[in-house]
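In case you want the letters, here they are:
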Amino acid sequence: MAYTAELVQLRVVLGQLASEASHIVTSATATVAGSVCDRVRSSDVHTAVQRLRDHCRKLDDKMVVLLARQSPVAGDLHLVVAMLRIAGTVERMGELADHIAATADLRTPSPVVPAPLRPTVARLGGLSADLARRLAAAIVNDDPTAARRMENADDHIDQIHRQLLATLTDPAWPHGIQAAVDLTLLSRYYERFADQAVTAARQLGRVHPGVP
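Because the structure is predicted, anything quoted here is derived from the model rather than measured.

(A) Region of the structure containing the packing of helix α4 (residues 118-141) against helix α6 (residues 176-207). At their nearest, the axes of α4 and α6 sit 10 Å apart, and the two run at 15 degrees to each other. By the criterion of interaxial angle, the relationship of α4 to α6 is roughly parallel. Crossing of α4 against α6: the hand is left-handed. Across from Val-121, Leu-124, Gly-125, Ser-128, Leu-131, Ala-132, Leu-135, Ala-138 and Ile-139 in α4, the residues of α6 making contact are Leu-183, Ser-187, Tyr-190, Phe-193, Ala-194, Ala-197, Ala-200, Ala-201 and Leu-204. Residue classes in the contact of α4 with α6 are distributed as 15 nonpolar, 3 polar and no charged.

Put into structure tokens, the structure is as follows:
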């Protein structure tokens with residue numbers, strides 16, 4: 001059926017958008033925590049986020065048209081609704097990555113992250129990008145169990161977030177109030193990015209409520 005083929009294609013496109021969110025958060029991390037030679041221009045991140053935003057909204061429009069043209073059975077209807085919600089969540093992931101890059105705009109040409117903490121921020125970025133890649137694979141493969149596995153990585157990000165906050169609030173913190181504020185916001189953006197990825201994956205589980 002043409003309808004089924006179109007639904008499969010929309011799923012592939014949504015997976016590609018989640019993969020793009022992974023690339024964007026990787027680039028955003030390089031704007032704030034990369035070495036001078038590896039640092040990405042924040043303007044490139046902003047452009048990529050705008051492109052992701054446009055693609056998510058176009059995908060929304062296509063899915064709405066698909067619903068209007070067809071009378072999907074319950075299972076397909078649940079899938080389309082889940083995909084609509086996931087598209088909105090992927091767009092929010094892009095916005096959070098944009099906030100990360102915008103932090104670099106505020107401090108340019110000075111570095112945002114003190115050198116001793118760049119590995120920690122890079123780790124947050126790597127884990128976040130990995131969650132977005134897992135989400136992309138789960139979408140394409142219609143994996144209803146992905147969220148459960150992704151929650152472990154999300155817990156790791158939460159742990160790093162808590163440890164980083166403890167470091168920033170230590171009376172011995174040597175890098176000043178502005179750096180502490182910037183790092184608090186950055187850590188929170190990564191935490192929320194990861195939460196959004198897991199939330200999106202849970203939508204796939206709701207399409208298959210009988211799966212443990």
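Now, onward.
(B) Quick peek at the nonpolar core. Among the nonpolar cores identified, the biggest contains 68 residues, and Val-32, Val-90 and Leu-135 are the most heavily contacted of them. Sorting elements by how many residues they give to this core places α6 first, with 14 residues. Apart from residues no more than four positions distant in its own chain, Val-90 is found in contact with Leu-17, Ala-18, Ala-21, Leu-52, Cys-56 and Leu-135.

(C) Seen up close, the packing of helix α5 (residues 146-168) against α6. The interhelical angle for the contact between α5 and α6, taken along N-to-C directions, is 170 degrees, at an axis separation of 10 Å. On the basis of the axis angle, α5 is roughly antiparallel to α6.

(D) Molecular detail of helix α2 (residues 42-69). Taking 1.5 Å per residue as the helical rise, α2 with its 28 residues ought to reach 40 Å, and the 41 Å between its terminal C-alpha atoms agrees with that figure. Listed as buried for α2 are Ser-42, Val-45, Ala-48, Val-49, Leu-52, Arg-53, Cys-56, Leu-59, Met-63 and Leu-66.

(E) Spatial organisation of the side chain of Thr-103. Its location among the elements puts Thr-103 in helix α3 (residues 74-107). Taking the relative accessible area as the measure of exposure, Thr-103 reaches 6% and is therefore buried. Here the side chain of Thr-103 touches His-99 through a polar contact of 3.0 Å, landing on its backbone oxygen. If we ignore the near neighbours within four places in the chain, the residues touching Thr-103 are Val-112, Asp-182, Leu-186 and Tyr-189.

(F) Region of the structure containing unusual backbone geometry. In this structure, Asp-142 takes a positive phi of about 50 degrees despite not being glycine. Along the chain, Asp-142 falls in the loop between α4 and α5.

(G) Highlighting a nonpolar patch on the surface. A contiguous nonpolar surface patch, about 280 Å² in accessible area, is contributed by Ile-177, Val-181 and Leu-185. Structurally, Ile-177 is set in helix α6. On the basis of relative accessibility, which here comes to 70%, the residue Ile-177 falls in the exposed class.

(H) Layout of the environment of Leu-10. Among the secondary structure elements, Leu-10 is positioned in helix α1 (residues 2-33). Overall, the relative accessible area of 6% leaves Leu-10 in the buried class. Here the alpha-carbon distance between Leu-10 and Met-83, two residues 73 residues apart in the chain, equals 8.6 Å. The contact partners of Leu-10, leaving out residues within four places of it in the chain, are Leu-59, Lys-62, Met-63, Leu-66 and Met-83.

(I) How the structure looks around the pattern of salt bridges. Scanning all chains against the criterion turns up 10 salt bridges. In this structure, Glu-91 and Arg-57 form a salt bridge, with 2.7 Å as the shortest nitrogen-oxygen distance. Residue Glu-91 is located in helix α3, and its partner Arg-57 is located in helix α2; the two are separated by 34 residues in the primary sequence. For Glu-91, a relative accessible area of 13% gives the class buried. A salt bridge links Arg-188 to Glu-191; the shortest N-O distance between them is 2.3 Å. Of this pair, Arg-188 and Glu-191 are both found in helix α6, 3 residues apart, which corresponds to roughly one turn of the helix. On the basis of relative accessible area, Arg-188 is assigned to the partly exposed category, the value being 38%. For Glu-191, a relative accessible area of 12% gives the class buried.

Calculation criteria
- Residues numbered from 1 in each chain as written.
- Predicted model: local features only at pLDDT ≥ 70, side-chain atom pairs only at ≥ 80, totals over all residues.
- Heavy atoms only, no water.
- Axes fitted to C-alpha atoms, helices over the stretch in contact; angles between N-to-C directions.
- Helix = DSSP H or I, 4+ residues; strand = E, 2+ residues; numbered from the N terminus.
- Parallel < 35°, antiparallel > 145°, perpendicular 65-115°, else oblique.
- Left-handed = near helix turned anticlockwise from the far one by under 90°.
- Contact = heavy atoms within 4.5 Å.
- Nonpolar A, V, L, I, M, F, W, Y, C, P; charged D, E, K, R; others polar.
- Core = buried A, V, L, I, M, F, W, Y, C linked by side-chain atoms within 4.5 Å.
- Buried < 20%, exposed > 50% of the residue type's maximum accessible area, 1.4 Å probe, protein only.
- Expected span 1.5 Å × (residues − 1).
- Polar contact = N/O pair within 3.5 Å; in protein donor to acceptor, adjacent residues only side chain to side chain.
- Patch = residues over 30% accessible without salt bridge, like charges linked within 9 Å, V, L, I, M, F, W, Y side chains within 5 Å.
- Areas by Shrake-Rupley, 256 points an atom, 1.4 Å probe, with all protein chains shown as cover.
- Salt bridge = Lys/Arg side-chain N within 4 Å of Asp/Glu carboxyl O.

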